[in-house]
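The residues making up each chain are set out below.
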Amino acid sequence: MGGDTPKTVGIVWGLLVLNTLGSAGARTIVPLPRSLIQLVTMGALVTAFALALALNPRLRIRASAFLLLLTLLLVPSVISSVHPESGPGALFRCARLALFVGTLWLLSRWWDGSTTFVRHHIRMYFAVLGSVAAGLVVSPGAALPELYGGRLVGAVWPLTPPQIGQYAAVTTGLTVLLVLGRRTDRVSAAVVVVPSLLLLALTHTRTATLGLVIGLALAIGSLALTSAAARRVFTWTVLCAAVAAVGFGSALRAWFLRGQSEENFTSLTGRAKVWDALLAAPRTGAEKLFGTGLGDKSFDGLPIDNSWLAVYHEQGLTGVALVAAVVIVLGGVALLRPPSLSRACAIFLISYCAIASYTEAGLGDASPYLLHLAVAASLLAAPAAATPLSTPAAPRRRVPPWARDPEVT
């Protein structure tokens, strides 16, 4: 169970989080060469795999439809990446994805439906948010640059506003659910939630905000039938949202617009133009089926910023079908589980990833979104059956010859 999980598993999870932070973002206070950042992130993944293998040398794994589908996703990734046009970087990304999925397979031994990996997730992303807060305190100008419209970026480690918003939203949502499930006290939760919400507000990230609100509403709603605290929170949240919509509608609208024009807002900050160009680009039958190979989630030098179109571009319709199956399977299992804290946390994570997939890429490659879904899979795993202890046979008592019954003839 959760209490039997080695502490080193938390280190492995932290290394996976480090690997998925990426190397793109704003300028940092201390300039970090991109080659150095990539060396650190890839070294973290290799170390994570080695530690997971040392923890699980007998390769004991748990059956998981989620991990099986991710493993199958490697097939279109490799098929599309072996072409010379894809370049050596595509095969390198395939190797990274394989190592990432392999590490998750090794960790699946400790997936038992407990909140163990939720706590690892919160700790690691709160540590990342701590580095963001440190950069804001040390150099506000670097943390709120004009290049990003005054939005919060990572000044210690290069992080973009959407990344910070994602980490803050997921950390906040999971912590709130732990409080409702009485798995942590309110003071400890406030220490995490308050600064996380502040950082989320400074990023002006609309997707993360909507994902947090809708994901929490669905998760708390799933607990409403069995938890009085969840019913109270749900009721007050609806009332506060209604009051905020009426009293602060103009302020909320200005926050969401971020100073953009209505046209720019409706085109999702120019994303729609990239999406239209990607869909209109000519493709061969093989490219439609398997994609053009794993890349940097961009098209003609511009970010795709949509998980489904990024998967279609790089892994084809086969990849889209497999990623859709991942989300559908996890969502279906969550709906079939009885109400519980683990189920609520899983619903929040699945809902958040589904919402964010519309304006963020990452569901088809090693990314924080796959880590979120991996936590959801660990929460939905059935507890491992306890192995019955074998009772040693009682030693036979030796009876001396004189005490034996006389032989009957």
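All residue numbers refer to positions counted from 1 along the written sequence of the respective chain. pLDDT decides what is reported in this predicted model: residues at 70 or higher carry local features, side-chain atom pairs at 80 or more are listed and counted, and totals for whole chains, interfaces and linings draw on all residues regardless. With hydrogens and water set aside, each side-chain value is computed from the structure's full complement of heavy atoms.

Q: Quick one: what's the story with the overall build of the chain, residue by residue and with numbers?
A: The helix and strand tally for the chain stands at 17 helices and two strands. Residues classed as buried in the chain amount to 46% of the 409 residues present. In this description, accessible areas are obtained by the Shrake-Rupley approach with a 1.4 Å probe, and a residue is regarded as covered only by the protein chains that are shown. Total accessible area on the chain is roughly 20400 Å²; 68% of this is exposed by carbon and sulfur atoms. Helix and strand assignments come from DSSP, with helices taken as H or I runs of at least 4 residues and strands as E runs of at least 2, each series counted from the N terminus. Each residue's exposure class comes from its accessible area (1.4 Å probe, protein chains only) as a fraction of the maximum for that residue type: buried when under 20%, exposed when over 50%, partly exposed otherwise.

Q: Residue-level account of the side chain of Gln163, with values.
A: Note on placement: Gln163 falls in helix α7 (residues 161–180). For this analysis, a polar contact is any N or O atom pair within 3.5 Å, provided that within protein one partner can donate a hydrogen and the other can accept it, and provided that sequence-adjacent residues contribute only side-chain to side-chain pairs. In this structure the side chain of Gln163 is engaged in a polar contact, spanning 3.0 Å, whose partner is the backbone nitrogen of Thr160. Here, two residues are considered to be in contact whenever any of their heavy atoms come within 4.5 Å of each other. Beyond its immediate stretch of four places on either side in the chain, Gln163 contacts Leu21, Ala24 and Pro158.

Q: Describe in detail the nonpolar core, supporting the description with residues and values.
A: In this structure, Trp13, Leu16, Phe66, Leu104, Leu107, Trp111 and Leu177 are the most contacted members of the largest nonpolar core, which totals 92 residues. If sequence neighbours within four positions are ignored, Leu177 has contacts with Leu216, Ala219, Ile220, Leu341, Ala344, Cys345 and Phe348. The next biggest cluster of nonpolar side chains, apart from the first, holds eight residues, and it includes Val274, Ile304, Leu309 and Tyr312. Here, nonpolar core refers to any group of buried Ala, Val, Leu, Ile, Met, Phe, Trp, Tyr and Cys residues whose side-chain atoms link them within 4.5 Å.

Q: Residues and numbers for helix α8 (residues 186–203), please.
A: Since the α-helix advances by 3.6 residues per turn, residues separated by three or four positions end up pointing in the same direction. The first and last C-alpha atoms of α8 sit 25 Å apart over 18 residues, in line with the 26 Å expected at 1.5 Å per residue. Taken together, the buried positions of α8 are occupied by Ala189, Val192, Val193, Ser196, Leu199, Leu200 and Thr203. Axial view of α8: buried residues confined to an arc of 135°, hence all on one face. Seen from the open side of α8, the exposed residues pointing more than 90 degrees away from its buried face are Arg186, Val187, Val191, Val194 and Leu198. The residue sitting at the N-terminus of α8 and contributing the capping side-chain oxygen is Asp185; that oxygen lies 3.2 Å from the backbone nitrogen of Val187. Positive backbone phi, at 55°, marks His204, one or two positions downstream of α8. Take the residue count of a helix, subtract one, and multiply by 1.5 Å to get its expected span. Here the arc refers to the set of directions running from the helix axis out to each C-beta atom.

Q: Residues and numbers for empty space enclosed by the protein, please.
A: Lining residues are defined by having an atom within 4 Å of a point belonging to a cavity or pocket. Those points lie on a 1 Å grid over the protein atoms alone, cavities being sets where a 1.4 Å probe fits but cannot get out and pockets being open sets with protein on both sides within 12 Å along at least five of seven lines. Grid points are joined across faces, edges and corners, and a volume is the space filled by probe spheres set on the points. Going through the model one piece at a time under the given rule, you end up with one cavity of 30 Å³ or more. A volume near 30 Å³ is recorded for the largest cavity. Pro162, Gln166, Thr205, Thr207, Ala208, Tyr352, Glu360 and Tyr369 are the residues that line the largest cavity. At the level of elements, α7 and α9 (206–223) are the ones that each hand at least two residues to the lining of the largest cavity. Residue polarity follows a fixed list, in which Ala, Val, Leu, Ile, Met, Phe, Trp, Tyr, Cys and Pro are nonpolar, Asp, Glu, Lys and Arg are charged, and the others, Gly among them, are polar. Here the lining of the largest cavity is built from residues that sort into four nonpolar, three polar and one charged.

Q: Which residues make up the pattern of salt bridges, and what are the values?
A: Salt bridges are defined by distance alone: a side-chain nitrogen of Lys or Arg within 4 Å of a carboxyl oxygen of Asp or Glu. Enumeration according to the criterion identifies three salt bridges in this entry. Across the pair Arg271 and Asp305 runs a salt bridge, and its minimum N-O distance is 3.4 Å. Linking Arg271 in helix α13 (residues 271–280) with Asp305 in the loop between β2 (302–303) and α15 (307–336), this pair joins segments that are 34 residues apart in sequence. For Arg271, a relative accessible area of 17% corresponds to the buried category.

Q: Any details on unusual backbone geometry? Residues and values, ideally.
A: Across residues other than glycine, the phi torsion is negative in most instances, and most of the peptide bonds are trans. In this model, Arg182 sits at a positive phi of 55°, which is unusual for a non-glycine residue. Mapping Arg182 onto the fold places it in the loop between α7 and α8. Taking relative accessible area as the criterion, Arg182 reaches 74% and is therefore assigned exposed. Positive phi is not limited to glycine here, since Asp305 has a value of about 55°.

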